[in-house]
Amino acid sequence: MKGIIVLIFSTTNFCSFGQTVTTNPVVPSPAQPVTITFDVTGTDFALKNLTDVWLWTWLDNGVNDVNAPTNVNPATAAQDAAKLTRSSTNQYLYSITLTATTFFNRPASDIRTVGVLLKGRDWANGQTADKFITFSEGFALAFSSPSASVFFVDESESIEINVSTNQSAVIVLKSGSNILATSSGEVTEFSFIHIVTEPLGSVTITAEADNGSGILTASFKYVIRTATSSQPRPPGIIDGINYYSNDASKSTLSLWAPGKSSVYVLGDFNGWTIDPDFQMKQDGEHFWLDIRELSSGTEYAFQYMVDETLKIADPYADKILDPDDQYIPPASYPVLKPFPPKALSDQWYFNRLAVLQTNQSPYAWETTDFQKPAKETLVIYELLIRDFFGTGERNYQNLIDTLSYLKRLGVNAIELMPIMEFNGNESWGYNPTFMFAPDKYYGTKDKFKEFIDQCHQNGMAVILDIAMNHHDMPNPYVMMDFDFVNGKPEPDNKWFNVNPTHPFNVFFDMNHESSYTKKYLDTVNYFWLNEYKVDGFRFDLSKGFTQTNNPANVGAWSSYDASRIALLKRMADKIWAHSPEAYVILEHLSVNAEEKELAEYRADEGKGMMLWGKMTEQYNQLTMGYEENSDITGAHHQSRGWTVPHLVGYMESHDEERLMVKDIIYGKVSASYSAKDTLTSLSRIRAASTLFYIIPGPKMLWQFGELGYDFSINYCTDGSNNESCRVSAKPVKWDYREESRRIKLYDHVRDLLRLRNNFDVFRDGSVTISPGSSLVKQITLKNNPYTAAPTNPDEMNAVAFANFDVVEKVVQVQFPHTGTWYDYYGGAASFDVGGPTASVTVSPGGYKLFTDVPIVPTIITGSEPSVKRTLTFYPNPVYDRLTIQSENNAIIDVSW
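Procedures and definitions
- Sequence order sets the numbering: in each chain, residues are counted from 1 along the sequence as written.
- A pLDDT threshold of at least 70 governs which residues receive local features in this predicted model, and a stricter bar of 80 or more applies before side-chain atom pairs are shown or counted, although totals over entire chains, interfaces and linings include all residues.
- Only hydrogens and water are removed before side-chain values are computed, so all heavy atoms of the structure are retained for them.
- Helix numbers and strand numbers start at the N terminus; a helix is a DSSP run of H or I with at least 4 residues, a strand a run of E with at least 2.
- Contacts are assigned to residue pairs that have any heavy atoms within 4.5 Å of one another.
- Only the protein chains shown count as covering a residue, and every accessible area follows the Shrake-Rupley method with a 1.4 Å probe.
- Nonpolar cores are built from buried Ala, Val, Leu, Ile, Met, Phe, Trp, Tyr and Cys residues. Side-chain atoms within 4.5 Å join them into one set.
- Exposure categories follow from relative accessible area, calculated using a 1.4 Å probe and restricted to protein chains: below 20% of the type maximum is buried, above 50% is exposed, and the middle band is partly exposed.
- Whether two strands pair depends on DSSP finding at least two bridges between them.
- Axes, fitted as lines to C-alpha atoms, cover a helix only where it is in contact. Angles between the N-to-C directions of the axes lie from 0 to 180 degrees.
- Roughly parallel means an angle under 35 degrees; roughly antiparallel, over 145; roughly perpendicular, 65 to 115; everything else is oblique.
- With the far helix as reference, a near helix turned anticlockwise by less than a right angle produces a left-handed crossing, and one turned clockwise produces a right-handed crossing.
- Gly is placed with the polar residues, together with every amino acid not listed as nonpolar (Ala, Val, Leu, Ile, Met, Phe, Trp, Tyr, Cys and Pro) or charged (Asp, Glu, Lys and Arg).
- How sure the predictor is of each residue is captured by pLDDT, a score from 0 to 100.
- Residues with no salt bridge and a relative accessible area higher than 30% make up the patches, which join like charges within 9 Å and nonpolar side chains (Val, Leu, Ile, Met, Phe, Trp, Tyr) within 5 Å.
- A pairing counts as a salt bridge when a side-chain nitrogen of Lys or Arg comes within 4 Å of a carboxyl oxygen of Asp or Glu.
- Pairing of aromatic rings covers Phe, Tyr and Trp, the last through its six-membered ring, and needs centres within 6.5 Å; plane angles under 30 degrees mean stacked, over 60 mean edge-to-face, and all others mean tilted.
- Placement of a charge over a ring requires the Lys NZ or Arg CZ to be within 6 Å of the ring centre, with the centre-to-atom vector within 35 degrees of the ring normal.
- Lining residues are those with an atom within 4 Å of a point, where the points come from a 1 Å grid over the protein atoms alone and group into cavities, where a 1.4 Å probe fits but cannot get out, or pockets, open sets with protein on both sides within 12 Å along at least five of seven lines.
- Grid points are joined across faces, edges and corners, and a volume is the space filled by probe spheres set on the points.
- To obtain the arc, one takes the directions from the helix axis to the C-beta atoms.
- One fewer than the residue count of a helix, multiplied by 1.5 Å, yields its expected span.
- N or O atoms within 3.5 Å of each other form a polar contact, as long as, within protein, one can give a hydrogen and the other can take it, and as long as residues adjacent in sequence are counted only when both atoms are side-chain atoms.

## Here's the deal with the overall build of the chain
Item 1. From N to C terminus, the chain includes 15 helices and 50 strands.
Item 2. Taking the principal axes of the C-alpha coordinates as reference, the chain spans close to 120 × 65 × 60 Å.
Item 3. Counting contacts in the chain only where the partners sit at least 6 residues apart, residues at least 24 apart contribute 70% of the total.
Item 4. Element-wise, carbon and sulfur atoms account for 49% of the exposed surface of the chain, whose accessible area totals about 34900 Å².

Below you can see the structure in the form of structure tokens.
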């Protein structure tokens, strides 16, 4: 009885672009020379500009792969045996001739499946996707054409079929069970022209080769094109995944794909095959299809094949699968559906799948009447979940468990750096791909809702940082019309510009004048505000929301742009139409006239946008001890001529170098005092905080800033500093809470925030800030209405000043009225003021706060004997120090 050996194509290639690998001979032997040719058209956009390209190859043994001896990075002359030759007629073709046994220095019996990819001299020069070549010592069979294992054809189309073997054999070609042709005797090459005559649907063509001692088979599949059926979408169907409350066995998919002619659905429910029964119907620019016979509560992965070439996930899906999911810890995302092997493509940008699941249990919100803090009272804590917790702990649950720490600090809003689905797992999040799906690296969508719910229960708003200036591949609307050869959107892309309109763009720039972009943007904003009950957005790079073309001129881009203002007002109007109290915060950093207009827009209705107020350089100049560029008047909105307190001032953000880092490196030094010293820097940060947080208006602080974070924004995981590490993971420093000097800064910031929350003068008092560049700064706060003879804290006035020099100063302090004032940081000791100014001696880095009504700090440290039943614990996870807080704010610190 003859043995049957089946060989089937292992790759699925639906498209005309993408890396392909061919060999000559078609069926290579490990001990014989083989020429390997790569066509990298459209795959790695860096490689096309390289003259020298190297082969990186390995024996694919499943678990213990074996690298070729030439696998060295960066490549040198010693690796010339792995250098490819570039075609003189086609810049995308590279070839190399080698004998596998010699190349690997291994016996032929070790060489079966060989993995290959191309790279530049260094990985930074780019690389192609992995491909695999099968070598055989024995009998082998392969198709040299067609090159794709699955493709589309028309009725009556001719298909050239070429079959190769490495031993003489009788070759039979079949369509299904019908014999198409048989070779005349034993051959090693057999060709046949097949005319498509089969009924509409999919057809499998099989080649059988019989050498007298065994039979090999190989096959490919084609799908006979059928015209797309035109049919209106059922009432109520919207783009994305539509569910039915009365039918858990059915879902309707709808894809917005203008200019396209056909769409197929591939998924778990049809074995990831191209099936005419899963060709979507067309309704104008939209395609739709009912998916039936679904099991209630079961997750199904799927994607769309658009115009027979492009594979994309649903852009509106709230859960996306990708191959990197395997590295997500189960503690963050329990029971995560694995990426289906049948859906894996050679083109990395095709490896995104949407998930549908009928009969999902909706999240049960506990807080339904949350009142957002007023804009002018916001104290925003900006954080990146990735760098807030250690590896394996970066998830919403740990953030929930640490809310008590933030509440105790006094913040009333948390701003999360982007959490929408992004490429990779560890990221700042500004490379978004799917705008309706929370990235699974931080947890499930219901756990994210629980986080928001818990924030609201604790009186804290949630603000999402969102990137709508640009998106990254493989966002479906980027890919819908994309030039894969040149690596940019095509001119007819409805959502994205071919080239960015401004110099700070990253990834692919959105066309905000497009009606398609406007509708998409409005839907994204509506979704997060209503489905997740977030309280507002911080729009990243909002200055890029323009079609005014300034691709290289930063000054021109930053100047007044009426079209950009109109776009942002339109967007805000749409948001406020359904979410009237939503925060709209812009990272704009533009000319003041433009920011003023945006801040005051509809402010008489209680609306108006808020804008980031970067004061990093000015405050850092002071903490370092340098007078130049130290004017801090810009920290208050009135100094900018604004009529509303919509300036979100900050000393640090995710984008800026940490104050203490520059202090320690560049701090000024005198004979007896050094701003470079860590302890001294912490004290100077307290001085800067005093002259920052008491200024009325919304404020923001960056994570761990309250503890004096002193690792550079450019810190690398190997301990060095390099700009290339800007977005790399940073050390998580909960252990700062073991250091009394850092706890002192925390308590200082906490008390300043308490003052804001409890005394009117720090929320809406009239402000005078000493102008100009000087190392002695004073801030005067007068209550509204002002009285020179206050009788209670509601009428209180305040004066704060600091000496940022590195030598002692006698400061001439201007008081708004004579009489008795009280030294807040001096135990409320009285201080008599007999004239408009008074002399006060201030040590280097020293600071003072005077009030005309006696108040004292109320920060509790240490432990108290009375602890109520309800306790909170933080931080979570615990490292070496645990804080226990009772209902009455008693604090117990436990260290070990």
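After that view of the structure, there is still more to cover.
## A few points about the nonpolar core
Item 1. If you look at the biggest cluster of nonpolar residues, it comprises 175 residues, and the most contacted ones within it are F451 and W528.
Item 2. Apart from residues no more than four positions distant in its own chain, W528 is found in contact with I419, M420, M435, F436, A437, P438, F448, L464, K533, V534 and F537.

## A closer look at the pairing of strand 38 (residues 647-650)
Item 1. Every second residue of strand 38 is oriented toward a common face, with L647 and G649 on one face and V648 and Y650 on the other, all of them buried.
Item 2. Across four bridges, the pairing between strand 37 (residues 610-614) and strand 38 is parallel. Pairing of W612 across the sheet is with V648, part of strand 38.
Item 3. Relative to strand 39 (residues 699-702), strand 38 runs parallel, the two being bridged by two bridges. Across the sheet, residue Y650 finds its bridge partner in strand 39, namely M700.

## Considering the packing of helix 12 (residues 659-666) against helix 13 (residues 678-693)
Item 1. Taken N-terminus to C-terminus, the directions of helix 12 and helix 13 make an angle of 130°; their axes are 10 Å apart at the nearest point. Taken together, helix 12 and helix 13 sit at an angle that is classed as oblique. Viewed along their axes, helix 12 and helix 13 form a crossing whose handedness is right-handed. On helix 13, the residues that touch L659, M660, D663 and I664 of helix 12 are T678, S681, L682 and I685.
Item 2. Classifying every residue of the contact of helix 12 with helix 13 gives five nonpolar, two polar and one charged.

## Some details on the confidence of the model for the chain
Item 1. Of the residues in the chain, 93% reach a pLDDT of 70 or more, and the chain-wide mean stands at 92.
Item 2. Low pLDDT, under 50, characterises residues 1-17; the stretch is placed with 45 contacts to residues that sit more than four places away or in other chains.
Item 3. Under a pLDDT of 50 for its full length, residues 860-870 has, in the predicted model, 21 contacts with residues more than four places off or in other chains.

## Re a nonpolar patch on the surface
Item 1. Where nonpolar side chains cluster on the molecular surface, the patch consists of Y626, I665 and Y666 and spans about 300 Å² of accessible area.
Item 2. Summarising the element assignment, Y666 is placed in helix 12.

## Topic: the sheet that holds strand 41 (residues 776-782)
Item 1. On the basis of which strands lie adjacent, the open sheet formed by six strands has the order 40-41-42-47-44-45 and antiparallel pairing. With partners counted over all chains shown, the strands left at the sheet margins are strand 40 (766-769) and strand 45 (829-833), one partner each. Averaged over neighbouring strand pairs, the angle between their axes works out to 25° when direction is ignored.
Item 2. Relative to strand 41, strand 40 is paired through four bridges, and the arrangement is antiparallel.

## Things to note about the packing of aromatic side chains
Item 1. The final tally for this structure, using the stated rule, is 64 aromatic pairs.
Item 2. Ring centres of F151 and F220 lie 5.7 Å apart, and the angle between their planes is 25°; on these two criteria the pair is classed as stacked. Of the two residues, F151 is situated in strand 11 (residues 150-153) and F220 in strand 16 (residues 214-224); the sequence distance between them amounts to 69 residues. Both residues of the pair, F151 and F220, count as buried.
Item 3. Look at Y396 and Y442: their rings are 6.2 Å apart centre to centre, the planes differ by 65°, and that puts the pair in the edge-to-face class. Here Y396, found in helix 3 (residues 396-401), pairs with Y442, found in the loop between strand 29 (432-438) and helix 5 (445-457); they are 46 residues apart in sequence, far enough to count as distant. Assigned by exposure class, Y396 and Y442 land together as buried.
Item 4. Positioned over the ring face of W256 is K519, at 4.6 Å from the centre of the ring.
Item 5. In this arrangement the basic side chain of K543 is found over the ring face of W557, its NZ or CZ atom lying 4.4 Å from the centre.

## Things to note about the layout of surface pockets
Item 1. Its volume calculated, the second largest pocket comes out at about 1200 Å³.
Item 2. Surrounding the second largest pocket, 42 residues form its lining, Y243, D318, Q360, K445 and E531 being those nearest its centre.
Item 3. Of all the secondary structure elements, the ones that give two or more residues to the lining of the second largest pocket are strand 17 (240-243), strand 25 (353-356), strand 29, helix 5 and helix 7 (515-531).
Item 4. For the lining of the second largest pocket, the element with the most residues is helix 7, which contributes six residues.
Item 5. Taken together, the residues that form the lining of the second largest pocket break down as 20 nonpolar, 11 polar and 11 charged.

## A few points about helix 10 (residues 592-600)
Every α-helix carries 3.6 residues per turn, so stepping three or four residues along brings you back to the same face.
Item 1. Listed as buried for helix 10 are E594, E595, L598 and A599. Projected down its long axis, helix 10 shows its buried positions confined to an angular sector of 130°, all on one face.
Item 2. In this structure, the buried residues of helix 10 make contact with helix 9 (562-578), strand 36 (583-586) and strand 37.
Item 3. One or two steps after helix 10, the chain reaches R602, where phi turns positive at roughly 60°.

## Quick notes on the pairing of strand 10 (residues 141-145)
Item 1. By the criterion of burial, strand 10 is predominantly enclosed, with four of the five residues buried.
Item 2. Direction of pairing for strand 10 relative to strand 12 (residues 158-175): antiparallel, over a ladder of four bridges. By the bridge assignment, A142 is partnered in strand 12 with S164.

## Side note on helix 14 (residues 740-758)
Item 1. The first and last C-alpha atoms of helix 14 sit 26 Å apart over 19 residues, in line with the 27 Å expected at 1.5 Å per residue.
Item 2. Burial analysis of helix 14 places 14 of its 19 residues in the buried class, the great majority of the element.

## So, the side chain of Q303
Item 1. Take Q303: it is sitting in strand 22 (residues 300-306).
Item 2. Within the structure, the side chain of Q303 is placed 3.1 Å from the backbone oxygen of R352, a separation counted as a polar contact.
Item 3. When residues no more than four places from it in sequence are discounted, the contact partners of Q303 are Y264, V265, L266, W272, K311, I312, A313, A343, F350, R352 and L353.

## A closer look at the sheet that holds strand 4 (residues 54-59)
Item 1. Pairing within the open sheet is antiparallel, and its four strands lie in the order 5-4-8-9. Each edge of the open sheet carries a strand with a single partner, namely strand 5 (66-67) and strand 9 (131-134).
Item 2. Direction of pairing for strand 4 relative to strand 5: antiparallel, over a ladder of two bridges. Bridging across to strand 5, L59 finds its partner in V66.

## Examining unusual backbone geometry
Item 1. Residue P474 is bonded to the preceding M473 through a cis peptide linkage, with omega at 5°.
Item 2. Note that P474 resides in the loop between strand 31 (470-471) and helix 6 (476-479).
Item 3. Along the chain, N784 connects to P785 via a cis peptide bond; the corresponding omega equals 0°.
Item 4. Phi at A828 is positive, roughly 65°, even though this residue is not glycine.
Item 5. Along the chain, the position of A828 falls in the loop between strand 44 (819-823) and strand 45.

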